[in-house]
Each structure stands twice: as structure tokens, then as C-alpha cells.
Amino acid sequence: MNSESMQGEPLLILLVEDDDAHAKLMRRSFEEQRIANRIVHVPDGETAIDYLFRRGDYADRQSSPRPHLILLDIRLPGIDGLEVLKAVKDSEELRRIPVVIVTSSEAERDVAAAYDAHVNSYLMKPLDFEKFQQVMHDLGFYWLAWNHYPWKRE
Amino acid sequence: MDEVDALRRRVAALERQCAEALRSEGELRLVKVAIEQMLDAVVVTSPIIDAQGPRIAYVNAAFTTITGYNAEEVIGESPRLLLGVTGDPVAEDLRRTVAEGKLFHGEFVNHRKDGSEFVAEWNIKPVRDVQGKILQWIGILRDVTKRVQTENQSRFTNQQLLVLLKSLPVVAYSCRPDGDFGATFISENVVDVTGFSATDFTSDPAFWADRIHPEDTRRVFEGLSAVFDDGFLEHEYRWKVRDGTYRWFQDNVKIIRGADGTAAYFVGAWRDITEWRRERDTLREAESGFRAVVETAADAIMTIDSRGEIVESNRAAKMMFGYARDELVGRNVSILMPSTHGERHNNYIAEFLGGGQPGIIGVGRELTAVRKDGKSFPIHLAVGEFEQNGHRFFTGIVRDITEQKRAEREREQLIAELESRNAEMERFNYTVSHDLKSPLITISGFLGLLERDLTAGNQERIRENLHEINAAAKKMEALLNDLLRLSQVGRVIGLRESVSLGELAQEAVELVVGPVAEREIRVEVSPDLPIVYGDRARLLEVLQNLMENAIKFLGDQASPQIEIGTRQDGTETVFYFGDNGIGIDPRHHEKIFGLFDRLSRKTEGTGVGLPIAKRIVDAHGGRIWAESAGAGQGSTFCFTLPSKPFSEQP
């Protein structure tokens, strides 16, 4: 089953995750679910910002298409996930992009801070593999199949 | 011849008779003049007394002066004309006396010619002939109006005085100036005071002395003998009143001297002061009780007047401020405050007196005070106010809170330390829970995938999965090891000693000689690294961690360099590890000392080296921080260490 935008093009997910193994897990999961999307993985906050704001290595628009969904871990080396979230939500251009935090951190203050910064959703990476699969599955379908997006593809 | 003799004798006799007669006449004349000149009136009356009384035969000039009647007017008249109203009992008495032929002496009211009254003193005497027959009556009349008036006045005054004396609360007396000092007069109210009558005192000279309390007798008499020198005495003694009990009396004695200067007598005022003494003693006891409370109070208590002048200060005040007994009273309270405070304190008083906000009054405030030797110290001051005799006074209670402040500071320090430890522990827990969970997620995830891939028989995938699981497990192990290290460092610092930093630096360099050689890192150690004070093994750890860290941060470059040295920052000696490596973004300068915060994926390890170094340096009482201009501009890690044992630091 393919999920496509209203215009029928594959959706792009920006995955900001410093743990390579976790990134792999998530990719594999999306593959298993056949949530056919393009996933761009960046390993830290700074790179994520560069990508989103088309700076540095990502100055070329072609190399950095706007994602439809940002999956964000909170604990990142250097600039942490919360800062990235704030940067996105502060930006007029980017704030419409749904940001979903996917993290191992249960800490209440992280959740609160994320919502204060207008995160769209906050998910925990479950320890149990089956559950992990389930989350990835539901995540995919919800945000990519069910959720409506406000923009036309650029 | 007998005839001649007889004639001669008859002539001589006649001559004698004549001479007699002449002399008598002369005498008579003198007498007459004397009578005429007398101030007292003389009235001579006939011996016959009829219904009207005798008739006036002669009056002298004084009669006219006194009564206003001329001689012509009264001669032949009865002296009764001098009486205004008959029936005056004295006049009756006179008539009777005269009728009986006796002497009369009396005083009664007579009337002058003009009708005015006067008090007449009459002495009336009959003149008898040789046979005893009354020839005349002679009356001497004296105008004693003034005397009578004075007497009456004096009698009246005396009466008044006596009444006054009776009603005074004080017993008035006069007494002899010697012996038993027996009373010669004592006011009647003595009966109310002592139960004894005035007569008891005046009839027995020893009465008063006998009833003095035996213990006081000597003192009383000694005191009385001193009256002769001083002229007066006030003393108190016990005296036995009628019911047998002793009561306290206050005696004010004064000496009255005669014209020649010798003591004529004593006068005095005697008062029962038993109740008064009791009240006074009660008051005194209360007062001394209160005074004792103030004097023995641990806090300084001072009273100042509305000008700020110290009126009273207790012992604690003198001790607290370092002044001797008299040095505080009379001085202005501002001497106890440092100059700016002193002005402010006076302003408080001025404000309060002016009806402004009571700054200190009642509420109490913390201030700085200054001792006599100029040393300042913190105090708590509470001020109260009271009024006495229309003057306002302020009471200040001062507590030296130096100890309290010190304890407060200590407490604050402890709290701050606890808080920071708590915060760190929180961070620690947070970090640990997250960072230990991550590899578990990986393991669990890849195990799941492994299962799938085993079923599918995808060898490559299987290998990949196993690799990830392995790596994650190793990561966990490394994490746990670092955690252990970190918790062991803790606050427990071992024996402190003098340590040569230079030696330690060399050791640290030796420990990394492998990587240094491999990457051709140039390491420079400054020769003037000093001696520091601390736990040798721990300090070596610090240097080691910094060394490893520096190497890590070198990055890829042509000529990697590490410099270990010391520099002076103001009064502090700072040690540093400098590298020309990849540098650190200023935003992360603090983060890197936090647990497991890795800056970049390029660096290896779990990032616990710097946190450990920080813990050790902190525990020694030093500071550690990072300096770097930014990415690509190298970094310098600095720390300070106390050169003296912590306990000896100011």
C-alpha cells in the first residue's frame, strides 16, 4: 500500500536521530510496513537545521526538499531536539510541517517543554519489538495516510 | 519764861504744821499733776450710792480722752452713763462689790460719748477714813480694747492652730533638747496615730524614749545629738504604739535656739511611715527585680531620649560594644553605628518623632553596629517607646547576631550545595535512564528484526542485525563502567598532600604515549607547574582525562599540538590544557561537563571523562571550565586548585 500526498507524490520524512542503530530500526520498520516514503536521516540538530533552512551543505534546494514530516529525537549531541523544534515552529516557512518527537526519554519536563514549543505529537520508543513495529506502523499511517497537509507540494 | 517757851513751842509746832501743810500741799499738787497726766482714767465718786449709783466727783484728763466726756459733763452724774445697756453681768458684779465695800477688778464693755464701744478694765477701790467709813470711791479705768482684741485674736489663732494640728496627718511636737527629750507639747492627733493621748507624752518625760525599739534607740539618740551641729535631722525608727506593735516613724527634728544662741528646745514633725515603707520596699524590690532582669539580660538593653542620647545601658550593652561603665551614658547613640547607619538611625528617630513611618519601632531590624574599637558587627535591633514626665524615650534591645549570621551563611551554603547535588543527581538519573534505555531499544529492536530475517533467511541482514545487537550490548557495558567510575569519584577525596603538578603532568603524558606517537602529537609541558594540595591519585585522573579529551578534540589536522601550562589570572593561578583541535562552540562550553553529553558523533567514548574531572576538581575546592573561540579554533581546558588546605583558607 502506498501512501501518497493528495497530489500523488511520495511523502518525505526528515528523521533527526543520533543513534544510527535506532535510525536503522526505524527505516527497516517503515520498509516492513511498506510505508513507501523517502526518508532523509540526519544525525544531529545542527545538520537538521542546515537541511531545513537550506544552509551549509544543504544550500541547494534540490538537495534538500521540504519534508512533510519531521521525526525528531530530543537527545541530540550539540543542539538538542527541543531547539530544532523551536526553530521549526518559529519559522514562518517551516512551522506547518508536523513535528513528531520520537524518543526514549519519558521525562515529564521534556514532554511539557515539547508541547510548550508546539510539538505535534510526542511518541516513546517502546522496548518491545512488536510494540515498536506497531508504533512505526501507526505513525506512518496516521501522519502519512490519514493526516491532511496544508500545502501543495513544492 | 514758861510763856515764852510755851509760845516758842507753839510757834515751832505751828511752823512744823505749816511746813507739813506746805509739804502736803506740794505733795498734793504733785499727785494732782500726776493724776492729771496719767494715761489711765481716774474717777473719784462720792460715797453715797443711791438708785443711780454714786456720783462722779472728779475725773482726770485721761477720762475725757478715753470716754469723750468732759469733766463738766460727768461731774455729779453716775458712772453708769458709761454703760450702754444695764444687765451686763460684769456691771452687776461691780454694783454688788461696791455695795459690799470691796475691791473690784473687771473688764466689760463701756460706751463712749459718741456711742462707740470699748473694752474697759476697771479697778475700783474704796477710800476709808480712820474709822473705816467710806469717804470716796476711786476707780482706775483703762481702755483695753486692743489688748482684748489681740488676746481674742491670739486665742482664735491658737484655736485654729490647734485644730490644724489636730487634723494634720503629721504629729507636731516640741520637746526638751536634752535628757530623754521629753515632749513639752504634742498635737492631739497623736492619739489617732499612736493610741496614746498627748498627756501621756507630756506628763512623762521618758515616755517617748522608752518606747523606741531597742535596736534603734542608740541610733536615734546619736542622731539627736547631731542636731546641735546641723540644726536639723530627719530619721526613721520603730516605736511601740498602744497595741504593743512596733511601727515605723519618720521624725523631722529642728532645733530652736534662744536669743543667746543656746538650744531652747526642739520642734518636730512625726509621721507613721509603716505603710509607706512597706510600699517603698515593695517598689524597691520590684524595681531591683526589674533592674536585675535588665542588668543580667544577655541582650544589650539601652534607653535613649528623643535626641538620641543614651540615658541608660545595661551590662550586656557595655560588654557588647566594648565600653566601660560610664562611657555610654550621655553619648549619642549614633556612636554605636557606622557613620552612614548612624545618620540613618537618627533619621528613624526624627521620622518617628515627626509622626512618620515607624521604621524600626516594634518591628525589629538587622543592622550593622560598630564597637568602641571600630570593628563592625551585625546586630538585630528592636525598639520600643515609652513616655515619662512628658518626655519620650526609646528602649533598644540589641542582639549580636554574628553567630546567627554565620550559621545562616553556613546553612545557605549547605542548602546551595545540597540543591546543586540534587540537581546533579536529577540530571544524572535523567541521563542514565535515557542513555541506558537506548541500547536496550536497539537490542530489542534488532532481535525482532533478526527473527524476521531468520525466517526469511536473509543472511546479510542477519549479520547486520547481530552486529547491531553486539554493538549495543557493548555500549551498555561501557556506559555502566563509566557510571561506576563516576559514582566512585563522588565526593570522597582521599588523603590530601602536597603534589607536584609538573610530575603529574609528565605521568599523564606517559599514559597516552601510544596515541601521541601514533598521531604525532606534539606535547609541551611547562616547566613551572607548581606544587598543589590534593589527592594525588585523583588529580592524576583529572590530568589523564583532560589529556585524553584534548587528544579527542584534536581532530584531523597536520600538526596536532597539546600544551600543558599555567598562567596567572589576577590573583588566581590557572592550569590549562590547550589544543589546536576542532574547538568547541561557546554554546556548549558548559554542556560538555554534563553527563554523557557528547558534542559530536565524531568523538568517541561515552563522554564521562570531563564530568569526572569536574567532580574531582570541585571536590578539591577548585573550578574547571573550557575556553574556545569556536569551531576549528582549538580549545583550552582550564582549572584552578587551592594551594592551601581547604581548612586554612580564609
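In this numbering scheme, every chain counts its residues from 1 along its sequence in written order. Lettering of chains starts at A and numbering of ligands starts at 1, both following the order in which they are written. For this predicted model, a pLDDT threshold of at least 70 governs which residues receive local features, and a threshold of 80 or more governs which side-chain atom pairs are given and counted, while totals over whole chains, interfaces and linings are taken from all residues. Excluded from the side-chain calculation are hydrogens and water; included are all heavy atoms of the structure.

Draft legend 1. Geometry of unusual backbone geometry. The phi angle at Arg54(A) is positive, at roughly 55°, despite the residue not being glycine. Elements are defined by DSSP. Helices are runs of H or I of four residues or more, strands are runs of E of two residues or more, and each kind is numbered from the N terminus. Structurally, Arg54(A) can be placed in the loop between α2 (45-52) and β3 (69-72). Even without being a glycine, Phe181(B) presents a positive backbone phi close to 55°. Tracing the chain through its elements places Phe181(B) in the loop between β6 (171-175) and β7 (183-186). Exposure is judged per residue with a 1.4 Å probe applied to protein chains only, and the accessible area is read against the type maximum: over 50% gives exposed, under 20% gives buried, and values in between give partly exposed. For Phe181(B), a relative accessible area of 9% translates into the label buried.

Draft legend 2. Spotlight on the sheet that holds strand β15 (residues 391-400) of chain B. All names here are of chain B. Paired strands, in this sense, are two strands between which DSSP finds at least two bridges. A sheet is described by the order of its strands in space; here five strands give the open sequence β12-β11-β15-β14-β13, paired in antiparallel fashion. Of all strands in the sheet, those bounded by a partner on one side alone are β12 (310-313) and β13 (365-370). Taking the axes of each pair of neighbouring strands and ignoring which way they run, one obtains an average angle of 35° across the sheet. Lines fitted to C-alpha atoms define the axes, with helix axes restricted to the stretch in contact, and inter-axis angles between N-to-C directions lie between 0 and 180 degrees.

Draft legend 3. Expanded view of the packing of helix α1 (residues 20-32) of chain A against helix α14 (residues 459-489) of chain B. Orientation of α1(A) relative to α14(B), taken along the N-to-C sense of each, is 145°, at an axis distance of 11 Å. Classified by chirality, the crossing of α14(B) by α1(A) is left-handed. Seen from α1(A), the contacting residues are Ala21(A), Lys24(A), Arg28(A) and Glu31(A); seen from α14(B), they are Arg461(B), Glu464(B), Asn465(B) and Glu468(B). In this classification, Asp, Glu, Lys and Arg are treated as charged, Ala, Val, Leu, Ile, Met, Phe, Trp, Tyr, Cys and Pro as nonpolar, and every other residue, Gly included, as polar. Considering only residue class, the contact of α1(A) with α14(B) consists of one nonpolar, one polar and six charged. In a left-handed crossing the near helix is turned counterclockwise from the far helix by less than a right angle, and in a right-handed crossing that turn is clockwise. Any two residues having at least one pair of non-hydrogen atoms within 4.5 Å are treated as being in contact.

Draft legend 4. Looking closely at the side chain of Gln133(A). Looking at the element boundaries, Gln133(A) is found in helix α5 (residues 129-146). A polar side-chain atom of Gln133(A) sits 2.8 Å from a polar atom in the side chain of Ser29(A). Setting aside residues up to four positions removed in sequence, Gln133(A) forms contacts with Ser29(A), Glu32(A), Gln33(A) and Arg452(B). In protein, a polar contact means a hydrogen-donor-capable atom and an acceptor-capable atom, both N or O and within 3.5 Å, with residues adjacent in sequence counting only if both atoms are side-chain atoms; elsewhere, any N or O pair within 3.5 Å suffices.

Draft legend 5. Broad picture of the interface of chain B and chain A. With 31 residues of chain B in contact, the opposing surface of chain A contributes 34 residues. Interface area for chain B against chain A, summed over the two sides, is near 2900 Å², with a carbon-plus-sulfur share of 48%. The rule for a salt bridge is simple: a side-chain nitrogen of Lys or Arg has to be within 4 Å of a carboxyl oxygen of Asp or Glu. The interface formed by chain B and chain A includes six salt bridges. A salt bridge links Arg28(A) to Asp453(B); its shortest N-O distance comes to 2.7 Å. The interface formed by chain B and chain A contains ten residue pairs in polar contact (both at pLDDT 80 or more). Here the side of chain B that touches chain A gets 16 residues from one element, more than from any other, and that element is helix α13 (residues 402-456) of chain B. Tallied by class, residues from the side of chain B that touches chain A come to eight nonpolar, ten polar and 13 charged. By definition, the buried area sums, over both parts, the 1.4 Å-probe accessible area that each loses when the two are put together.

Draft legend 6. Representation of the nonpolar core within the structure. In this description, a nonpolar core means a group of buried Ala, Val, Leu, Ile, Met, Phe, Trp, Tyr and Cys residues linked to one another through side-chain atoms lying within 4.5 Å. In terms of nonpolar packing, the biggest core is built from 75 residues, with Leu71(A), Ile562(B) and Phe637(B) touching the most fellow members. Per element, the largest residue contribution to this core is ten residues, and it comes from helix α17 (residues 536-554) of chain B. With sequence-adjacent residues up to four places away left out, Leu71(A) is seen in contact with Ile13(A), Leu14(A), Leu15(A), Val16(A), Phe30(A), Val100(A), Val102(A) and Leu139(A).

Draft legend 7. Local environment of helix α4 (residues 89-99) of chain B. All names here are of chain B. If you check which residues of α4 are buried, you get Ala91, Leu94, Thr97 and Val98. Taken end-on, α4 shows its buried residues confined to a sector of 125°, consistent with a single buried face. Turned more than 90 degrees from where α4 packs its buried face, Pro89 and Ala99 sit exposed. Phi turns positive, to about 80°, at Gly101, one or two residues after α4. Summarising the geometry, the arc corresponds to the directions from the helix axis toward the C-beta atoms.

Draft legend 8. Inspection of α13(B) at higher detail. Multiplying 1.5 Å by the residue count of a helix minus one yields the expected span of that helix. Its 55 residues place the ends of α13(B) 80 Å apart at the C-alpha level, agreeing with the 81 Å of an ideal helix rising 1.5 Å per residue. Looking one or two places after α13(B), you find Gly457(B), whose phi comes out positive at around 75°.

Draft legend 9. Up close: the packing of α5(A) against α13(B). Contact geometry of α5(A) with α13(B) gives a least axis separation of 8 Å together with a crossing angle of 90°. As judged from the angle between their axes, α5(A) and α13(B) are roughly perpendicular. Residues Phe129(A), Glu130(A), Phe132(A) and Gln133(A) of α5(A) form the contact with α13(B), whose own contacting residues are Ile441(B), Ser444(B), Gly445(B), Gly448(B), Leu449(B) and Arg452(B). For the contact of α5(A) with α13(B), a count of residues per class yields four nonpolar, four polar and two charged. When describing relative orientation, an angle under 35 degrees is termed roughly parallel and one over 145 degrees roughly antiparallel, while 65 to 115 degrees is termed roughly perpendicular and anything else oblique.

Draft legend 10. Inspection of the sheet that holds strand β5 (residues 121-124) of chain A at higher detail. Residue and element names in this part refer to chain A. Strand order in the open sheet formed by five strands is β2-β1-β3-β4-β5, and the pairing between neighbours is parallel. The sheet is open, and its two edges are formed by β2 (38-42) and β5, each paired on a single side. On average, each strand axis in the sheet is inclined to that of its neighbour by 20°, with strand direction left out of account. Pairing of strand β4 (residues 99-103) with β5, which is carried by four bridges, proceeds in the parallel orientation. Within β5, the position partnered with Ile101 by the bridge is Tyr122. Those strands touched by α1 are β1 (12-16), β2, β3 and β4, and its axis lies near 175° from that of β2.

Draft legend 11. Spatial organisation of the pattern of salt bridges. Residue and element names in this part refer to chain B. The tally for this structure, following the rule as stated, stands at 50 salt bridges over all chains. With its nearest N and O atoms 3.0 Å apart, the salt bridge here joins Glu309 to Arg307. Connected through salt bridges with shared partners, the residues Asp40, Glu107, Glu121, Arg142, Arg147 and Glu151 form a single ionic network.

Draft legend 12. Looking closely at the confidence of the model for chain B. All names here are of chain B. Per residue, pLDDT measures the predictor's confidence, with a range of 0 to 100. Averaged over every residue, the pLDDT of chain B is 83; the share at 70 or more is 92%. Averaged pLDDT values over the elements of chain B bottom out at 59 in helix α12 (residues 339-353) and peak at 93 in strand β8 (residues 232-240). Counting contacts from residues 646-650, a segment whose pLDDT is below 50, to residues more than four positions away or on other chains yields two contacts. Confidence metrics for the complex model read pTM 0.48 and ipTM 0.86.

Draft legend 13. Layout of the packing of aromatic side chains. Residue and element names in this part refer to chain B. For Phe, Tyr and Trp, where Trp contributes only its six-membered ring, two rings pair if their centres lie within 6.5 Å, and the inter-plane angle classes them as stacked under 30 degrees, edge-to-face over 60, or tilted in between. Tallied over the full model, the rule gives 21 aromatic pairs over all chains. Here Phe228 and Phe266 contribute two aromatic rings whose centre-to-centre distance is 5.4 Å and whose plane-to-plane angle is 55°, an arrangement assigned as tilted. Residue Phe228 is located in helix α9 (residues 214-230), and its partner Phe266 is located in strand β10 (residues 263-272); the two are separated by 38 residues in the primary sequence. Arranged with centres 6.0 Å apart and planes meeting at 85°, the rings of Trp239 and Phe249 form a pair that is edge-to-face. Remark: Phe249 occurs in strand β9 (residues 246-257) and Trp239 occurs in strand β8; sequence separation between them is ten residues. Just as Trp239 is buried, Phe249 falls in that class too. Ring pairing ties together the aromatic residues Phe181, Trp208, Phe221, Phe228, Tyr237 and Phe266, which thus form one cluster. Charges are assigned to positions over rings by a cutoff of 6 Å between ring centre and Lys NZ or Arg CZ, combined with an angular limit of 35 degrees from the ring normal. Over the ring of Trp239 we find Arg211, and its NZ or CZ is 5.8 Å from the ring centre.

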